[in-house]
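Secondary and tertiary structure notes
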Amino acid sequence: MRTLATQLKNDLRLIDAAIDQYSIEFSIALKQPVTLEQISRYFKPGTRLADRGADPLGTPYSKSFTVGVSPEVPAASAAALKAVADSKFWAPFEVGPAVGLAGAQPAKIPPMPPREPASASPAPMPAAAFDRARMRSIATSIKNDLRLIDGAIDQYAIEFNLATGSVRFEQLKQYFRADSKLAVTAADALGNKYPDSFRIPAAGASTSSPDLRVPAASRAALADVVDNAFWSPFQ
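Worth saying up front: this structure is predicted, and the values here are computed from it rather than measured.

**Things to note about the side chain of R147**
Tracing the backbone through its elements, the reader meets R147 in helix α6 (residues 127-159). Owing to a relative accessible area of 7%, R147 belongs among the buried residues under this scheme. Apart from the residues lying within four places of it in its own chain, the contact partners of R147 are R13, D16, A17, D20 and F234.

**What to know about the environment of P71**
Tracing the sequence through the fold places P71 in the loop between β2 (64-66) and α4 (75-80). The buried category is assigned to P71, whose relative accessible area is 3%. For the pair formed by P71 and E94, sequence separation is 23 residues and the distance between their alpha carbons is 7.8 Å. Other than its neighbours up to four places away in sequence, P71 contacts L12, I15, D16, I19, F65 and F93.

**Some remarks on the nonpolar core**
Counting residues in each nonpolar core, the largest one holds 27 residues, and the members touching the most others are I149 and L172. Among the secondary structure elements, those contributing two or more residues to this core are α6, α7 (169-172) and α8 (181-185). The dominant element in this core, judged by the number of residues it contributes, is α6, at 9 residues. Apart from residues no more than four positions distant in its own chain, I149 is found in contact with F169, L172, F176, L182, Y194, F198 and L212.

**Things to note about the pattern of salt bridges**
Side chains that differ in charge, positive against negative, can pair when their charged atoms come close. The full count for this structure, using the stated rule, is 7 salt bridges. Its salt-bridge partner being D154, residue R13 comes within 3.3 Å of it at the nearest N-O pair. Taken together, the residues span a long stretch of sequence, with R13 in helix α1 (residues 2-25) and D154 in helix α6 at a distance of 141 residues. The partner of D16 in a salt bridge is R147, with the nearest N and O atoms 3.0 Å apart.

**Here's the deal with the packing of aromatic side chains**
Under the counting rule described, the total for this entry stands at 4 aromatic pairs. Ring geometry for F89 against W90: centres 5.0 Å apart, planes inclined by 80°, an arrangement best described as edge-to-face. Assessed through its relative accessible area of 5%, F89 is described here as buried. Aromatic pair Y156 and F160: ring centres 4.4 Å apart, planes at 35°, arrangement tilted. Its relative accessible area of 9% is what places Y156 among the buried residues. Across from the ring centre of F89, 5.1 Å away, lies the NZ or CZ of K9, which sits over that ring. Between K143 and the ring centre of F230, over which it is positioned, the NZ or CZ distance is 5.0 Å.

**Some details on the environment of Y22**
Within the element layout of this structure, Y22 appears in helix α1. For Y22 and R41, which are 19 residues apart along the polypeptide, the C-alpha to C-alpha distance reads 9.1 Å.

So, how was this worked out
- Residues numbered from 1 in each chain as written.
- Predicted model: local features only at pLDDT ≥ 70, side-chain atom pairs only at ≥ 80, totals over all residues.
- Heavy atoms only, no water.
- Helix = DSSP H or I, 4+ residues; strand = E, 2+ residues; numbered from the N terminus.
- Buried < 20%, exposed > 50% of the residue type's maximum accessible area, 1.4 Å probe, protein only.
- Contact = heavy atoms within 4.5 Å.
- Core = buried A, V, L, I, M, F, W, Y, C linked by side-chain atoms within 4.5 Å.
- Salt bridge = Lys/Arg side-chain N within 4 Å of Asp/Glu carboxyl O.
- Phe/Tyr/Trp six-rings, centres within 6.5 Å; stacked < 30°, edge-to-face > 60°.
- Lys NZ or Arg CZ within 6 Å of the ring centre and 35° of its normal.

Structural data, given as structure tokens:
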């Protein structure tokens, strides 16, 4: 059951990262809604999340999300897993409301932004705006790496029944796509290396490994486009 809880939390990390990536790619403002269908392009094809949009217990995830707001744990699954996962375990994600609450209003979802035809010649983006968008995309890529590493640490600790100690990056590579930059180079999108090992946080702790932080050089290089709050909880 604890493994199912970890898989569900990893799903939420992927959804959260996909919301960020989609909002950057299509210039969606904060507090605006996006759909699960729209962000599914960032999930690995053939996976449960991509094909069914459901958690490991079969509970469907919300069909819509809000940019800048973390996705919620499905209430039914949180209830089923309460013996092994409390609110501290789910942090920074909160448990969503039970399905069917009176007065709930469906979100108004904007259509997916159309892609320009191949023959079209869109107006060029100003150089400064292009550079900022590119750097913001790099920052999102690094934060996605940190989420993947965080999830892998949790998964490794559960699989090998570790409550304390540490795990080497090399041992976590089994949870990453084999041909990904993260697995091959152990470095972020700017080429700065992640730590060789990570301390395992205490069971039930709401924090990540104290060693899982944004590489200092990358944080400095991206300071003009993302602030300290962006990197939470990996400051």
